[in-house]
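Listed here are the chains, written in short residue letters.
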Amino acid sequence: MRRRLNDSRTLAKEFHSSPAEKAALEEFVTHVNFCTLFHYHHILAQLQALYDPINPDRDTLDQPSLTDPQRLSNEQEVLRALEPLLAQANFSPLSEDTLAYALVVHHPQDEVQVTINLDQYIYMQFWALGQRVGQMPRKSSVGSKRGFFRSPPAERRYFKRVVLAARTKRGHLVLKSFKDMPLEGLEQLLPELKVRTPTLQRALLNVTLVVSGVVFFVNVGMVVLSDLKMATSLLLLLFTAFMGLRAAKMFGQRRSVQALELAHMLYYRSTSNNSELLSALALRAQDEHTKEALLAHSFLARRPRGARGQPEVLPGLSDLLRTPASPSAETCQWLQSEVENWLLAQSGCDVAFNGTRALAHLQALTPSIGMYPPPGFPKLDLLATITSPKAAPPSTDDPL
């Protein structure tokens, strides 16, 4: 809500200078907020009803378990219902080529690398928002900060937000969202993965083992061989067993450190999961819906009228609100170009704006413009004064 207030103040300062225009904008903002709140609350209730039977975090009483085909069918239904909400929230699905690149290529500066078995997954889908090219935010960087010869952070392609939906053959639907994820690190978000040591680190560990082993054999092994008269074959066998145990310990410790770093990264980059993700997506979609309607309203209101004696090609705000037909392609293209240029000047970011969808949102609000609340909406009575009842002992079998 605070973000929407800041957006409306920015638009009022830019496009609505007179007190009457500012009052009209505030009235329009109130109306849009009310309508979108009711709309997305209804969508969220439907999504939660679909997701509740397969919610792994459900804390109510146990229900009859679903068979695997039933669970898989419910999961597909949830994902189909989730796609329009993701689109309105401006998330775009990653293509198969992009996903294949992300699962195969590893960035050289990623000290934590994982490996997955694609045969274990029934499906996996990624949606991304806010593609950037630059240095990763410091709080989201992955890898150890140790070392004297560490190269400076390189510019990378990453996404501000990533949504993951995946299911393994022995698991359930996993819904998660993350922030500031590099393209080459998407496989780190998947379930059922194994941490692996990068090739360079594995080579360094092997060299360290060989050098220390040679030094140990020369300084200790030769003394044991000469003083204790031990057979050479037995000494080599004991030395091989010792070096094997030492190698297993070193590689195990290294994998433990990398697993800890991976858990640290997921802890700071994770934003929501499962049922919480549905609420977060509904809130983001509502926010994007509101901003698109406000931008379309403000830009159409300030569009200059045609010169006297010349026909006007593009309709203004009043013409659009009076016309029930869909806006022309020229109007949508004009709005998209104007808003994208304005956002680029304001934020310095190249933002893609859907002019057609914004005009559709604006026209959907026109039948009830100026009416708050909209007609047909139930009126709730004022809440009575709530008196706190006497304290009762907590129930041990509360189904809620």
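Residues numbered from 1 in each chain as written. Predicted model: local features only at pLDDT ≥ 70, side-chain atom pairs only at ≥ 80, totals over all residues. Heavy atoms only, no water.

A. Layout of the pattern of salt bridges. All chains considered together, the criterion is met by seven salt bridges. The closest approach of N and O atoms between E184 and R156, which form a salt bridge, is 3.2 Å. Here E184 is found in the loop between β5 (174-182) and β6 (193-196), whereas its partner R156 is found in strand β4 (residues 156-168), with 28 residues between them in sequence. For the residue pair E184 and R156, the accessibility class agrees, reading buried in each case. Between K291 and D287 there is a salt bridge, with the nearest N and O atoms lying 3.6 Å from each other. Placement of both K291 and D287 in helix α7 (residues 275-302) is noted, with a separation of four residues, approximately one turn of the helix. It is possible to trace a salt-bridge network through shared partners that takes in D68, E75 and R167. (Salt bridge = Lys/Arg side-chain N within 4 Å of Asp/Glu carboxyl O. Helix = DSSP H or I, 4+ residues; strand = E, 2+ residues; numbered from the N terminus. Buried < 20%, exposed > 50% of the residue type's maximum accessible area, 1.4 Å probe, protein only.)

B. Fine view of empty space enclosed by the protein. With the rule as written, the count across this model stands at one cavity of 30 Å³ or more. Taken as a whole, the largest cavity encloses approximately 40 Å³ of empty space. Together, H106, H107, D110, V112, Q113, V114, E184, G185, E187 and Q188 line the largest cavity. Classifying every residue of the lining of the largest cavity gives two nonpolar, five polar and three charged. (1 Å grid on protein atoms, 1.4 Å probe; cavity = no way out; pocket = protein on both sides within 12 Å on 5 of 7 lines; lining within 4 Å. Points joined across faces, edges and corners; volume = space filled by probe spheres on them. Nonpolar A, V, L, I, M, F, W, Y, C, P; charged D, E, K, R; others polar.)

C. Focus on the packing of aromatic side chains. Enumeration according to the criterion identifies two aromatic pairs in this entry. Between F299 and W342, the aromatic rings sit 5.9 Å apart at their centres with planes inclined by 75°, giving edge-to-face as the arrangement. Taken together, the residues F299 in helix α7 and W342 in helix α9 (residues 329-347) connect sequence positions 43 residues apart. Summarising the burial analysis for this pair, F299 and W342 share the class buried. (Phe/Tyr/Trp six-rings, centres within 6.5 Å; stacked < 30°, edge-to-face > 60°.)

D. Region of the structure containing the packing of helix α2 (residues 19-51) against α7. Direction vectors running N to C along α2 and α7 enclose 150°, while the axes themselves pass 9 Å from each other. Classified by the interaxial angle, the pair formed by α2 and α7 is roughly antiparallel. Like other packed secondary-structure pairs, α2 and α7 cross with a definite hand, here right-handed. Facing L25, F28, V29, V32, N33, T36, L37, Y40, L44, L47, Q48 and Y51 of α2, the residues of α7 in contact are S275, L278, S279, A282, A285, Q286, H289, T290, A293, L294, H297 and S298. The residue inventory of the contact of α2 with α7, partitioned by class, reads 14 nonpolar, 10 polar and no charged. (Axes fitted to C-alpha atoms, helices over the stretch in contact; angles between N-to-C directions. Parallel < 35°, antiparallel > 145°, perpendicular 65-115°, else oblique. Left-handed = near helix turned anticlockwise from the far one by under 90°. Contact = heavy atoms within 4.5 Å.)

E. Expanded view of the side chain of T168. Mapping T168 onto the fold places it in strand β4. There is a polar contact of 3.1 Å between the side chain of T168 and the backbone nitrogen of G171. Once you skip the residues sitting within four places of it in the chain, T168 turns out to touch Q120, Y121, I122, P191 and E192. (Polar contact = N/O pair within 3.5 Å; in protein donor to acceptor, adjacent residues only side chain to side chain.)

F. Spatial organisation of the pairing of β5. With respect to burial, β5 is a largely interior element, seven of its nine residues being buried. In this structure, the hairpin formed by β4 and β5 is closed by a connection of five residues. With three bridges connecting them, β5 and strand β7 (residues 270-273) associate as antiparallel partners. Bridging across to β7, F178 finds its partner in S270. (Pairing = 2+ DSSP bridges.)

G. Seen up close, helix α3 (residues 68-88). Helix length check: α3, at 21 residues, gives a terminal C-alpha distance of 31 Å against a target of 30 Å (1.5 Å per residue), a fit within 8%. Of the positions making up α3, those classed as buried are E75, V78, L79, L82, L85, L86 and Q88. On its buried face, α3 is in contact with α2, β3 (121-134), β4, β5, α7 and α10 (355-365). (Expected span 1.5 Å × (residues − 1).)

H. Inspection of the environment of T36 at higher detail. Looking at the secondary structure, you find T36 in helix α2. In this structure the C-alpha to C-alpha distance between T36 and Q286, which are 250 residues apart in sequence, comes to 6.1 Å. In this structure T36 touches Q286, H289 and T290, once residues within four positions along its chain are discounted. A distance of 2.8 Å separates the side chain of T36 from the backbone oxygen of V32, its partner in a polar contact. Separated by 3.2 Å, the side chain of T36 and the backbone oxygen of N33 make a polar contact.

I. Representation of the side chain of N274 within the structure. Secondary-structure assignment places N274 in the loop between β7 and α7. Taking relative accessible area as the criterion, N274 reaches 9% and is therefore assigned buried.

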